[in-house]
Each structure stands twice: as C-alpha cells, then as structure tokens.
Amino acid sequence: MTDAPTPEPTYEKLVFSGMQPTNTLHLGNYLGALKNWIRLQEQMPCIYCVVDMHAITVWQDPVELRRATREVAAAYMAAGVDPKRSILFNQSQVFAHAELAWIFNCVARLGWLNRMTQFKEKAGKNRENSSVGLYVYPNLMAADILAYKATHVPVGEDQKQHLELARDIAQKFNVDFGAPGFFPQPEPVITGPGTRVMSLRDGSRKMSKSDESEYSRINLTDDADTILQKIRKARTDPEPLPSDAKGLEGRPEAENLLNIYAGLADTTAEQVLSEYAGAQFSTFKNALADLAVAKLTPIAGEMQRLLAHPDEIDALLKRGAERAAERARPIMADVRRLVGFVG
Ligand code: AQP
C-alpha cells in the first residue's frame, strides 16, 4: 500500500493591507494600493488597517499621530472602502499584532532583515541611531498579515521584498513548530500602471509622504488649484510624447506622468500613448490635470465631510478592531499552543 499524498491545505481567501498614518496619503498610495483595495472588496473578504504601530518606528508627534490616523481612515472610506463589508481599524487596538510580531522576532533571522532595502534607505547614514522598531518593521508586517491567515496583500512595488520576508517567516514558523501548512504563503497583489509612482520632481525617486518637497507629490487632500499647479510644475523633458513604450526609455519623468494618467483613467500606458503620440507635454499636462482633478477632488471632499465627525471615525475604528480581534483570536490560540505557551 502506498501512502496517499498529503492534501494541500486550503485557506479561506482573505485580503489584508494597511498604510501608515505618517502624513497625508498621496497619489502613490492611491494608485499603488488603495485603488486595488476597492476592487478586491468585490472578490473576497478584506481587512484594511491604519498601521499606527508601524508609524512610530520613526518619531511621531502624538497629537499629529491621532489626527493622521483619523485622516487615513477617512481617506480609505472616501476612496471606497466600505466599513460594513470590510473590516477597517487601527492596528494598535488589536493586541494580536504586537504579540505575533514578538514571536516572529524570534523566528526571523538577522541575515534576512539585513537584506531589507527599505531599512537601508530609511535609516541611511543614521543607522546606529535608528529605532530597533524600524529594523524589525517587516516582522510586524508579517504579523499583521498572518494574524488573520490573510492570503492576498495588495501593495505597491516597494513592499514586495517585505512580503517575500513574510512568506519566509510563515514557512519557517510552520517547519520550526511542526505545523505544516499552518500559516499560508500570502500572495502580493501588485497590479496596474501605478505600482511605483515616482516623485513629480525627480523621476528616479518614489513619490513619498516624507519627501520634503510638497511639489514632489499630489496629496489626496489637495484642491483643484493645487493639483493643477503641481502637475504644471512637474518635471518633464523637451521631447513630445512618443508613439510607443520604447520611446519612453531613459525618460523616467515622462514615463511617470504617463503611468499616472493610465492609473487614473483605468487604462494602460499603451492606450494613453496611442491617444497622445506626438503631443507636447503642455497639452498632455492639461489633460492629466483635468483627469486628476476629476478623480481626486471628490475624494478630498468626502474626506472633509467624514473628518468633521472625528467621534464617528473613532467609534467605527473601535468596532472594526473588535471584529478584527475576533478573527485573530482562534489563530492566536493555536499559535500559543504551538509555541508552547501555557494558558
Ligand atoms: N510611490 C508609490 N507608488 C506606488 N505605491 C506606493 N505606496 C507608497 N508609495 C508608493 C504604497 O502605499 C502603501 C502604503 O504605504 P505606507 O503608508 O505604509 O508607507 P510607505 O510605503 O513608506 O509610503 P511612503 O509614502 O513612502 O511613506 P514614507 O514617506 O513615510 O516612507 C503601500 O502598499 C505602498 O507600497
């Protein structure tokens, strides 16, 4: 008699993702991640988190952290996250994240964390003076996802390496504690033309909340005039738009504006090129500004409406946290048993 092959474990499809309340969300956060979050709500259950514990890996003023946490929650909802259908909460209200992160600190290897490019970029020359939290940030991210056994993680391109680490941690935990298939291998969902939106001032740098120049990014709270100004001032080159993608090689700023247009219009860069081949940037920028204003100002308006009632946002986050904690509870009970904790 031959042994029957062990069946592959099956997991309920579940989305988890989050953003840091480190400042106001921008177009990169929107096109890289948030837009996909909205789409995924149609396909499977989703958990969307404001990751305030990640935010404090670099110094945050407590008053500003509270403000930004509510603002990010408002941005999620204004962009289309439905808090009835999806679970929406802030990370620090669900203790499972911190608890599992500690266990993962003991599973992940120093060598793995030493390879993380985001830590190198963020710590820069100031490595010795960086917080330990910044260094183990990817372990907390793995805990965020795996505390719910989430299977799909919609993020921008910059988070790919952290997600690979989460997969390594899941696998090592399963092996170390003799629990094959206990944690799933979460899949990154990195799709669309906006997976890496670049700074409007420098096509070689990612659009980022922490960039000193306001003109490097479009914030989700910007009004029509500000959006127009920022797009007008965006760096380009003197050449007109090419007729195909090959003509964008070595032209990162042109490519970036094209991808932004495609992301906002829900189309492909090729399709945009077929429409604007040979156009001057002055013409294209006007079209892009119109599109950005049409897509983004309703989000800003809805954010303002929601932020006028901070108590309602707080109550909503609390309810979301209760639902999230409920989902994590049986998984964490299994984790404690597997690790050998009593009680
Ligand atoms: N420029 C970007 N293009 C596409 N996606 C992006 N994301 C961030 N920047 C871009 C995606 O947005 C999600 C949330 O990111 P985060 O708030 O956790 O922090 P981050 O990636 O560190 O974003 P920032 O703006 O660069 O913040 P700071 O300046 O504070 O470091 C993630 O899915 C990310 O991929």
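The structure we're discussing is the one just above.
Bear in mind that the values here come from a model prediction, so they are computed numbers and not experimental data.

Cut-off values and rules
- All residue numbers here refer to positions counted from 1 along the written sequence of the relevant chain.
- Only residues with pLDDT of 70 or above have their local features reported here, since the model is predicted, and side-chain atom pairs are shown and tallied only from 80 upward, although totals for entire chains, interfaces and linings are computed over all residues.
- Working from all heavy atoms in the structure, the side-chain values ignore hydrogens and water.
- For this document, the term salt bridge refers to a Lys or Arg side-chain nitrogen within 4 Å of an Asp or Glu carboxyl oxygen.
- Numbering of helices and strands runs from the N terminus, with a helix taken as a DSSP run of H or I at least four residues long and a strand as a DSSP run of E at least two residues long.
- Only protein chains enter the accessibility calculation, which uses a 1.4 Å probe; a residue is then buried when its area is under 20% of its type maximum, exposed when over 50%, and partly exposed in between.
- A pair of strands is treated as paired once DSSP finds two or more bridges between them.
- The term nonpolar core refers to a set of buried residues drawn from Ala, Val, Leu, Ile, Met, Phe, Trp, Tyr and Cys, joined through side-chain atoms within 4.5 Å.
- Any two residues having at least one pair of non-hydrogen atoms within 4.5 Å are treated as being in contact.
- We call a crossover right-handed when, viewed with the strands running away from us, the connection from the first strand over the helix to the second turns clockwise.
- Two cysteine sulfur atoms form a disulfide, by the criterion used here, when they sit within 2.5 Å.
- Any residue with a heavy atom lying within 4 Å of a molecule or strand is counted as near it.
- We call two N or O atoms a polar contact when they sit within 3.5 Å, provided that within protein one can donate a hydrogen and the other can accept it, with sequence-adjacent residues counted only if both atoms are side-chain atoms.
- Each residue is assigned to one class: nonpolar for Ala, Val, Leu, Ile, Met, Phe, Trp, Tyr, Cys and Pro, charged for Asp, Glu, Lys and Arg, and polar for all the others, Gly among them.
- For Phe, Tyr and Trp, where Trp contributes only its six-membered ring, two rings pair if their centres lie within 6.5 Å, and the inter-plane angle classes them as stacked under 30 degrees, edge-to-face over 60, or tilted in between.
- The rule for a charge over a ring is simple: NZ of Lys or CZ of Arg within 6 Å of the ring centre, and within 35 degrees of the ring normal.

## Some words on the pattern of salt bridges
On inspection of all chains with the given rule, the structure shows 20 salt bridges. Across the salt bridge formed by Arg 235 and Glu 253, the nearest N and O atoms sit 3.8 Å from each other. Of this pair, Arg 235 sits in the loop between helix H10 (224–233) and helix H11 (252–265) while Glu 253 is found in helix H11, placing the two residues 18 residues apart along the sequence. The class of Arg 235 is partly exposed, set by a relative accessible area of 45%.

## What to know about the pairing of strand S2 (residues 46–50)
By the criterion of burial, S2 is predominantly enclosed, with five of the five residues buried. Here strand S1 (residues 15–19) runs beside S2; their pairing, made up of five bridges, is parallel. Residue pairing in the sheet places Met 19 in a bridge with Val 50 of S2. Pairing of S2 with strand S3 (residues 87–90) involves four bridges; the strand directions are parallel. Pairing of Ile 47 across the sheet is with Ile 87, part of S3.

## Remarks on unusual backbone geometry
With a phi angle near 55 degrees, Lys 149 is a residue other than glycine that sits in the positive phi range. Even without being glycine, Asp 266 reaches a positive phi, approximately 60 degrees. Mapped onto the secondary structure, Asp 266 falls in the loop between H11 and helix H12 (269–276). By relative accessible area, Asp 266 is classed as exposed at 58%.

## Quick notes on the nonpolar core
Counting 62 residues, the largest nonpolar core has Tyr 30, Leu 34, Tyr 76, Leu 264, Phe 284 and Leu 296 as the members making the most contacts within it. Ranked by residues supplied to this core, first place goes to helix H13 (residues 281–307) with 11 residues. Apart from residues lying up to four places away in sequence, Leu 264 is in contact with Leu 27, Tyr 30, Leu 31, Leu 288, Leu 291, Ala 292, Lys 295 and Leu 296.

## Focus: the pairing of S1
Within S1, four of the five residues are buried, which leaves it mostly tucked inside the rest of the structure. This β-α-β element, S1 to helix H1 (residues 27–40) to S2, shows right-handed connectivity.

## Re the state of the cysteines
Inspection of every chain in the model, using the stated rule, returns zero disulfides. Cysteine Cys 46 remains unbridged, with the sulfur of Cys 49 as its closest cysteine sulfur at 13 Å. Overall, the relative accessible area of 3% leaves Cys 46 in the buried class.

## Here's the deal with the site of the ligand
Taken together, 23 residues lie near the ligand, and Lys 122, Asp 158, Ser 208, Lys 209 and Ser 210 sit nearest. At a separation of 2.5 Å, an oxygen atom of the ligand approaches a polar side-chain atom of Ser 210. With four residues, H1 is the single largest residue contributor to the shell around the ligand. Looking at the shell around the ligand residue by residue, the class counts come to five nonpolar, 13 polar and five charged.

## Some remarks on helix H8 (residues 137–146)
Within H8, 10 of the 10 residues are buried, which leaves the element mostly enclosed by the surrounding structure. Turning to H8, its buried residues are Tyr 137, Pro 138, Asn 139, Leu 140, Met 141, Ala 142, Ala 143, Asp 144, Ile 145 and Leu 146.

## Section: the environment of Gly 156
Tracing the chain through its elements places Gly 156 in the loop between strand S4 (152–154) and helix H9 (160–176). For Gly 156, the residues in contact, after removing those within four places along its chain, are Gly 32, Ile 190 and Thr 195.

## Topic: the packing of aromatic side chains
Counted under the stated rule, the structure contains 15 aromatic pairs. With 6.3 Å between their ring centres and 75 degrees between their planes, Phe 104 and Phe 173 make a pair best called edge-to-face. One end of the pair, Phe 104, is in helix H4 (residues 96–105); the other, Phe 173, is in helix H9, and 69 residues separate them in sequence. Residue Phe 104 is classed as buried on the basis of its relative accessible area, which comes to 0%. Residue Phe 173 is classed as buried on the basis of its relative accessible area of 0%. With a centroid separation of 4.7 Å and 45 degrees between ring planes, the pair formed by Phe 173 and Phe 177 is classed as tilted. Residue classification places Phe 177 among the partly exposed positions, given a relative accessible area of 26%. Taking NZ or CZ as reference, Lys 149 lies 3.9 Å from the ring centre of Phe 182, over its face.

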